[in-house]
Amino acid sequence: MPKTVLITGAGSGFGHDAAVQLAGRGHSVIATVETDAQAAELAAAHPELTVARLDITKPDDVATLDQWDLDVFIANAGRGQTGPLASIPMERLRAVFEVNVFGTFAVTQRVAAAMKRRRAGRILIVSSIAGVRAGIGSGPYAMTKHALQAMGGVLRNELAPFGIDVALINPGPYATGFNDRMANDPGDWFDRNSADPEEVAIMDSLVQRITVGQLDPADVVQRYVELVEADKTELVNFIPADILERLSKRQPA
(Lines give C-alpha, C1' and ligand atoms only; values in the text may rest on other atoms or scores of the structure.)
Protein backbone atom coordinates (compact mmCIF):
# COMPACT_ATOMS: atom_id res chain seq x y z
CA MET A 1 0.00 0.00 0.00
CA PRO A 2 1.45 3.43 -0.92
CA LYS A 3 2.51 5.55 2.03
CA THR A 4 3.10 9.23 2.65
CA VAL A 5 6.77 9.52 3.59
CA LEU A 6 8.70 12.60 4.67
CA ILE A 7 12.50 12.58 4.59
CA THR A 8 14.74 15.29 6.02
CA GLY A 9 18.13 15.99 4.50
CA ALA A 10 16.96 14.77 1.09
CA GLY A 11 19.21 16.99 -0.98
CA SER A 12 22.02 14.46 -1.24
CA GLY A 13 23.31 11.08 -0.14
CA PHE A 14 21.05 8.44 1.37
CA GLY A 15 18.12 10.81 1.80
CA HIS A 16 18.11 11.93 -1.82
CA ASP A 17 18.38 8.45 -3.29
CA ALA A 18 15.81 6.98 -0.92
CA ALA A 19 13.33 9.73 -1.78
CA VAL A 20 13.70 9.03 -5.49
CA GLN A 21 13.41 5.26 -5.07
CA LEU A 22 10.38 5.47 -2.79
CA ALA A 23 8.60 7.80 -5.21
CA GLY A 24 9.41 5.38 -8.01
CA ARG A 25 7.70 2.63 -6.01
CA GLY A 26 4.48 4.62 -5.80
CA HIS A 27 4.85 6.29 -2.42
CA SER A 28 4.01 9.97 -1.91
CA VAL A 29 7.37 11.44 -0.89
CA ILE A 30 7.96 14.80 0.74
CA ALA A 31 11.67 15.51 0.34
CA THR A 32 12.89 18.30 2.60
CA VAL A 33 16.14 20.24 2.41
CA GLU A 34 17.78 22.98 4.43
CA THR A 35 17.67 25.93 2.01
CA ASP A 36 15.46 27.43 -0.68
CA ALA A 37 18.25 27.02 -3.24
CA GLN A 38 18.50 23.30 -2.49
CA ALA A 39 14.73 23.00 -2.74
CA ALA A 40 14.63 24.66 -6.15
CA GLU A 41 17.38 22.41 -7.47
CA LEU A 42 15.79 19.21 -6.17
CA ALA A 43 12.31 20.13 -7.42
CA ALA A 44 13.65 20.87 -10.89
CA ALA A 45 15.50 17.55 -11.06
CA HIS A 46 12.72 15.41 -9.55
CA PRO A 47 9.19 16.67 -10.24
CA GLU A 48 7.84 13.38 -8.86
CA LEU A 49 8.78 14.59 -5.36
CA THR A 50 7.03 17.13 -3.17
CA VAL A 51 9.95 19.34 -2.16
CA ALA A 52 10.01 21.71 0.80
CA ARG A 53 12.55 23.69 2.77
CA LEU A 54 12.92 22.45 6.33
CA ASP A 55 15.77 23.65 8.49
CA ILE A 56 15.38 21.33 11.47
CA THR A 57 17.05 23.86 13.80
CA LYS A 58 14.39 26.55 13.16
CA PRO A 59 11.11 26.30 15.10
CA ASP A 60 9.10 28.04 12.35
CA ASP A 61 10.28 25.47 9.82
CA VAL A 62 9.58 22.59 12.19
CA ALA A 63 6.01 23.86 12.62
CA THR A 64 5.37 23.41 8.88
CA LEU A 65 5.36 19.65 9.45
CA ASP A 66 1.78 19.96 10.69
CA GLN A 67 0.48 20.38 7.13
CA TRP A 68 1.12 16.72 6.26
CA ASP A 69 -0.46 13.51 7.54
CA LEU A 70 2.54 11.18 7.51
CA ASP A 71 2.65 7.43 7.53
CA VAL A 72 6.45 7.33 7.78
CA PHE A 73 8.98 9.93 8.90
CA ILE A 74 12.68 9.44 8.18
CA ALA A 75 14.89 11.66 10.36
CA ASN A 76 17.84 11.65 7.98
CA ALA A 77 19.31 15.16 8.17
CA GLY A 78 22.63 15.42 9.95
CA ARG A 79 25.92 17.24 10.26
CA GLY A 80 29.41 15.82 10.46
CA GLN A 81 32.09 16.95 12.89
CA THR A 82 35.41 15.39 13.77
CA GLY A 83 38.41 16.36 15.87
CA PRO A 84 40.23 15.46 19.08
CA LEU A 85 37.80 15.90 21.95
CA ALA A 86 40.39 17.46 24.25
CA SER A 87 40.86 20.33 21.80
CA ILE A 88 37.60 20.91 19.92
CA PRO A 89 36.06 24.33 20.62
CA MET A 90 32.81 24.19 22.53
CA GLU A 91 30.99 26.16 19.86
CA ARG A 92 31.80 23.46 17.28
CA LEU A 93 30.54 20.74 19.60
CA ARG A 94 27.37 22.68 20.35
CA ALA A 95 26.76 23.23 16.63
CA VAL A 96 26.81 19.53 15.76
CA PHE A 97 24.56 18.73 18.73
CA GLU A 98 22.17 21.47 17.61
CA VAL A 99 21.57 19.70 14.31
CA ASN A 100 22.04 16.00 15.04
CA VAL A 101 20.42 15.87 18.47
CA PHE A 102 18.24 18.90 19.21
CA GLY A 103 17.11 19.48 15.62
CA THR A 104 16.42 15.79 15.09
CA PHE A 105 14.53 15.63 18.37
CA ALA A 106 12.46 18.71 17.51
CA VAL A 107 11.20 17.33 14.21
CA THR A 108 10.69 13.85 15.64
CA GLN A 109 8.70 15.17 18.56
CA ARG A 110 6.53 17.27 16.24
CA VAL A 111 5.79 14.32 13.98
CA ALA A 112 5.18 12.02 16.94
CA ALA A 113 2.53 14.38 18.33
CA ALA A 114 0.49 14.09 15.12
CA MET A 115 1.00 10.33 14.91
CA LYS A 116 -0.15 9.94 18.51
CA ARG A 117 -3.42 11.64 17.65
CA ARG A 118 -3.89 9.27 14.70
CA ARG A 119 -2.68 6.24 16.70
CA ALA A 120 -0.49 5.13 13.80
CA GLY A 121 2.84 5.81 12.12
CA ARG A 122 6.46 4.88 11.77
CA ILE A 123 9.54 6.92 12.68
CA LEU A 124 12.96 5.94 11.32
CA ILE A 125 15.88 7.71 12.97
CA VAL A 126 19.15 7.64 11.08
CA SER A 127 21.97 7.03 13.52
CA SER A 128 25.28 5.43 12.51
CA ILE A 129 27.68 2.69 13.47
CA ALA A 130 29.22 5.59 15.39
CA GLY A 131 26.14 5.46 17.60
CA VAL A 132 27.37 2.24 19.16
CA ARG A 133 31.11 2.35 18.47
CA ALA A 134 33.05 5.58 19.00
CA GLY A 135 36.50 5.81 17.44
CA ILE A 136 39.30 8.29 18.04
CA GLY A 137 38.91 11.48 16.05
CA SER A 138 35.19 10.95 15.52
CA GLY A 139 34.18 11.78 19.10
CA PRO A 140 32.02 14.86 18.38
CA TYR A 141 29.93 13.06 15.76
CA ALA A 142 29.80 9.80 17.72
CA MET A 143 28.55 11.61 20.83
CA THR A 144 25.53 12.89 18.89
CA LYS A 145 24.77 9.50 17.41
CA HIS A 146 25.00 7.85 20.83
CA ALA A 147 22.36 10.34 21.95
CA LEU A 148 20.14 9.28 19.05
CA GLN A 149 20.51 5.63 20.06
CA ALA A 150 19.11 6.47 23.48
CA MET A 151 16.38 8.62 21.98
CA GLY A 152 15.29 5.93 19.55
CA GLY A 153 15.24 3.19 22.17
CA VAL A 154 13.13 5.19 24.60
CA LEU A 155 10.73 6.45 21.92
CA ARG A 156 10.18 2.93 20.60
CA ASN A 157 8.91 1.84 24.01
CA GLU A 158 7.01 5.02 24.83
CA LEU A 159 5.24 5.34 21.47
CA ALA A 160 4.35 1.69 20.93
CA PRO A 161 1.09 2.02 22.96
CA PHE A 162 0.01 4.70 20.45
CA GLY A 163 0.51 2.36 17.49
CA ILE A 164 3.72 4.10 16.44
CA ASP A 165 6.74 2.07 15.41
CA VAL A 166 10.23 3.56 15.96
CA ALA A 167 13.45 2.13 14.57
CA LEU A 168 17.09 3.18 14.22
CA ILE A 169 19.17 2.92 11.05
CA ASN A 170 22.90 2.37 11.66
CA PRO A 171 24.99 2.52 8.48
CA GLY A 172 28.69 1.76 8.44
CA PRO A 173 31.14 3.60 6.15
CA TYR A 174 29.46 4.26 2.80
CA ALA A 175 30.76 6.29 -0.13
CA THR A 176 28.35 9.22 -0.26
CA GLY A 177 31.07 11.83 0.25
CA PHE A 178 29.88 12.57 3.80
CA ASN A 179 32.66 10.60 5.52
CA ASP A 180 35.32 12.13 3.28
CA ARG A 181 34.21 15.68 4.06
CA MET A 182 33.90 14.96 7.77
CA ALA A 183 37.30 13.26 8.05
CA ASN A 184 39.29 15.66 5.91
CA ASP A 185 37.79 18.93 7.11
CA PRO A 186 37.26 19.20 10.87
CA GLY A 187 37.21 22.98 10.49
CA ASP A 188 39.66 25.85 10.46
CA TRP A 189 40.09 25.54 14.21
CA PHE A 190 42.31 22.49 13.61
CA ASP A 191 45.63 23.56 12.10
CA ARG A 192 47.80 20.57 11.25
CA ASN A 193 50.90 22.77 11.22
CA SER A 194 50.47 23.92 14.81
CA ALA A 195 48.56 21.00 16.35
CA ASP A 196 50.28 18.49 18.61
CA PRO A 197 51.78 15.66 16.54
CA GLU A 198 49.75 13.15 18.55
CA GLU A 199 46.52 14.88 17.51
CA VAL A 200 47.61 15.03 13.88
CA ALA A 201 48.16 11.27 14.11
CA ILE A 202 44.63 10.88 15.50
CA MET A 203 43.18 12.68 12.50
CA ASP A 204 45.33 10.71 10.05
CA SER A 205 44.09 7.50 11.65
CA LEU A 206 40.50 8.70 11.32
CA VAL A 207 40.89 9.36 7.60
CA GLN A 208 42.15 5.83 7.05
CA ARG A 209 39.43 4.31 9.21
CA ILE A 210 36.35 5.92 7.66
CA THR A 211 37.33 6.80 4.10
CA VAL A 212 39.21 3.69 2.97
CA GLY A 213 37.16 0.71 1.78
CA GLN A 214 33.81 2.47 1.83
CA LEU A 215 30.76 0.54 0.64
CA ASP A 216 28.10 1.06 -2.02
CA PRO A 217 25.41 3.49 -0.77
CA ALA A 218 22.77 1.63 -2.78
CA ASP A 219 22.67 -1.01 -0.04
CA VAL A 220 21.67 1.60 2.55
CA VAL A 221 19.06 3.13 0.27
CA GLN A 222 17.54 -0.30 -0.25
CA ARG A 223 17.34 -0.76 3.51
CA TYR A 224 15.54 2.57 3.87
CA VAL A 225 12.97 1.33 1.36
CA GLU A 226 12.60 -2.02 3.12
CA LEU A 227 12.04 -0.35 6.49
CA VAL A 228 9.42 2.00 5.08
CA GLU A 229 7.50 -0.93 3.59
CA ALA A 230 8.08 -3.56 6.32
CA ASP A 231 5.19 -4.92 8.36
CA LYS A 232 7.34 -4.67 11.48
CA THR A 233 10.86 -3.59 12.41
CA GLU A 234 13.65 -4.24 14.86
CA LEU A 235 14.97 -1.36 16.96
CA VAL A 236 18.53 -1.35 15.59
CA ASN A 237 19.26 -1.95 11.92
CA PHE A 238 22.96 -2.24 11.13
CA ILE A 239 23.98 -1.82 7.49
CA PRO A 240 25.56 -4.10 6.51
CA ALA A 241 24.15 -6.48 9.11
CA ASP A 242 27.65 -7.73 10.01
CA ILE A 243 29.28 -4.30 10.28
CA LEU A 244 30.39 -4.80 13.90
CA GLU A 245 32.10 -8.05 12.97
CA ARG A 246 33.78 -6.41 9.98
CA LEU A 247 35.09 -3.55 12.08
CA SER A 248 36.42 -5.90 14.77
CA LYS A 249 38.69 -7.43 12.12
CA ARG A 250 40.18 -4.08 11.24
CA GLN A 251 42.48 -1.95 13.35
CA PRO A 252 41.09 -0.91 16.77
CA ALA A 253 38.73 2.06 16.78
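Residues numbered from 1 in each chain as written. Predicted model: local features only at pLDDT ≥ 70, side-chain atom pairs only at ≥ 80, totals over all residues. Heavy atoms only, no water.

Brief notes about the pairing of strand β6 (residues 164-171)
No. 1: Most of β6 is tucked away: eight of the eight residues are buried.
No. 2: Burial along β6 is two-sided: the residues Ile-164, Val-166, Leu-168 and Asn-170 and Asp-165, Ala-167, Ile-169 and Pro-171 are all buried.
No. 3: As paired strands, strand β5 (residues 121-126) and β6 are joined by six bridges and run parallel to one another. Following the sheet pairing, Gly-121 is matched in β6 by Ile-164.
No. 4: For the crossover that starts at β5, traverses helix α5 (residues 139-159) and ends in the parallel β6, the hand is right-handed.
No. 5: Bridge count for β6 against strand β7 (residues 236-239) is four bridges, and the pairing is parallel. Residue Ile-169 lies in a different strand from β7, and its bridge partner there is Asn-237. (Buried < 20%, exposed > 50% of the residue type's maximum accessible area, 1.4 Å probe, protein only. Helix = DSSP H or I, 4+ residues; strand = E, 2+ residues; numbered from the N terminus. Pairing = 2+ DSSP bridges. Right-handed = clockwise from strand over helix to strand, strands pointing away.)

With respect to the pairing of β5
No. 1: The buried fraction of β5 is high, at six of six residues.
No. 2: Neither face of β5 is left uncovered, since the one carrying Gly-121, Ile-123 and Ile-125 and the one carrying Arg-122, Leu-124 and Val-126 both have all their residues buried.
No. 3: Here strand β4 (residues 72-75) runs beside β5; their pairing, made up of four bridges, is parallel. Bridge pairing in β5 links Phe-73 to Ile-123.
No. 4: The parallel pair β4 and β5, bridged by helix α4 (residues 90-118), forms a crossover whose chirality is right-handed.

Things to note about unusual backbone geometry
No. 1: Of note, the bond from Ile-239 into Pro-240 is cis; its omega dihedral lies within 30 degrees of zero at -5°.
No. 2: One can find Pro-240 in the loop between β7 and α9 (243-248).

What to know about the packing of helix α1 (residues 13-24) against helix α8 (residues 218-229)
No. 1: Direction vectors running N to C along α1 and α8 enclose 50°, while the axes themselves pass 9 Å from each other. One element, α1, and the other, α8, form an angle in the oblique class. As for the relative orientation of α1 and α8, their crossing is right-handed in sense. Contact residues: α1 offers Phe-14, Asp-17, Ala-18, Gln-21 and Leu-22, while α8 offers Val-220, Val-221, Gln-222, Tyr-224, Val-225 and Val-228. (Axes fitted to C-alpha atoms, helices over the stretch in contact; angles between N-to-C directions. Parallel < 35°, antiparallel > 145°, perpendicular 65-115°, else oblique. Left-handed = near helix turned anticlockwise from the far one by under 90°. Contact = heavy atoms within 4.5 Å.)

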